[in-house]
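Listed here are the chains, written in short residue letters.
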Amino acid sequence: MLFLALALVEPGAANVEEHVAQLMAPYSMHLMVPEHRRECYCVNAEALAFGAVEADQEVGDRDELWNAHRARRSARETVWIGDALKQWDRVRDEAARAHPSWGRPRPQCGGCGGTGYYLSTDNPHGKWDSYYIKSVVPHVELPDDFGTYAMLAPDGQWRQPHRRTRAAYEAYWSECRSIMNAHPFHLAVVMGCHA
Ligand SMILES: [Zn+2]
């Protein structure tokens, strides 16, 4: 996945690249952390596959719905297909939760041996595997509606929308905006990131 991220850096920072590298470091996918348990992909896989078959039958084939979504030509079609896709997710999740294997790993899973978890040293906060700096400008020079997929605030916290919904994006953007307003002289470092 390619995405844009924005870091806010103090206006007096001697070395912007180094400052950004420090802010980015805790979120590197290459960072190794102490061994910890991670849930295996097999947990719920069977229940979700079962739910997908139910939803395909009840709401319509998901691939066809997505093709229709891509080919949509009118606002009415957009609403209709958007509702159908939401309905598909609801039916799939409901059927998956009612399936007897919900919450359980696959007993013959080669990844976890049927335990449902594996030990990993991967960074659970990893967000990027490479990035480059696209531009550095005082953030007040950015257009009012400028928004990136992720933001690194001066407090070092990584922020991004929690869900892929309009409401989640709007909440995230308004948080970004208020952080920028609180640091009126900071530089905006816009990065192209890959994950
Ligand atoms: Zn497994």
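Residues numbered from 1 in each chain as written. Predicted model: local features only at pLDDT ≥ 70, side-chain atom pairs only at ≥ 80, totals over all residues.

Caption draft 1: Examining the overall build of the protein chain more closely. Across its full length, the protein chain holds five helices and seven strands. In sequence order, the protein chain lays out its α and β elements as β-α-β-α-α-α-β-β-β-β-α-β. Computed over the C-alpha atoms, the radius of gyration of the protein chain is 21 Å, more than 25% above the 16 Å expected from 2.2 N^0.38 for a compact globule of 195 residues. Taking the principal axes of the C-alpha coordinates as reference, the protein chain spans close to 60 × 50 × 25 Å. (Helix = DSSP H or I, 4+ residues; strand = E, 2+ residues; numbered from the N terminus. Rg over C-alpha atoms; globule rule 2.2 N^0.38 Å.)

Caption draft 2: Focus on the sheet that holds strand 5 (residues 150-152). Taken in spatial order, the five strands of this open sheet run 4-7-1-5-6, and their pairing is mixed. This sheet does not close on itself; its edge strands, each paired only once, are strand 4 (130-138) and strand 6 (158-159). Bridging between strand 1 (residues 2-9) and strand 7 (residues 187-194) involves eight bridges; their strand directions are antiparallel. Bridging across to strand 7, Leu-6 finds its partner in Val-190. (Pairing = 2+ DSSP bridges.)

Caption draft 3: Structural detail: the domain arrangement of the protein chain. For the protein chain, the assigned domains are domain 1 (2-31 + 125-194) and domain 2 (45-119). The C-alpha centroid of domain 2 is placed 32 Å from the C-alpha centroid of domain 1. (Domains from an automatic or database assignment.)

Caption draft 4: Inspection of helix 2 (residues 45-58) at higher detail. A rise of 1.5 Å per residue sets the reference length of helix 2, with its 14 residues, at 20 Å; its end C-alpha atoms lie 20 Å apart and thus fit the reference within 8%. Along helix 2, the residues that are buried comprise Ala-47, Gly-51 and Ala-55. Buried residues in helix 2, looked at end-on, bunch into an arc of 70°, giving them a common side. Exposed side chains of helix 2 directed beyond 90 degrees from the buried face belong to Val-53 and Gln-57. Packing partners of the buried residues in helix 2 comprise helix 3 (62-70) and helix 4 (75-98). Just past helix 2, the residue Gly-60 takes up positive phi, approximately 135°. (Expected span 1.5 Å × (residues − 1). Buried ≥ 20, exposed ≤ 12 C-beta atoms within 10 Å, placed from the backbone. Arc of directions from axis to C-beta. Contact = placed C-beta atoms within 7 Å.)

Caption draft 5: Structural context of the environment of Arg-97. Here Arg-97 lies in helix 4. Between the C-alpha atoms of Arg-97 and Pro-184, which are 87 residues apart in sequence, the distance is 48 Å.

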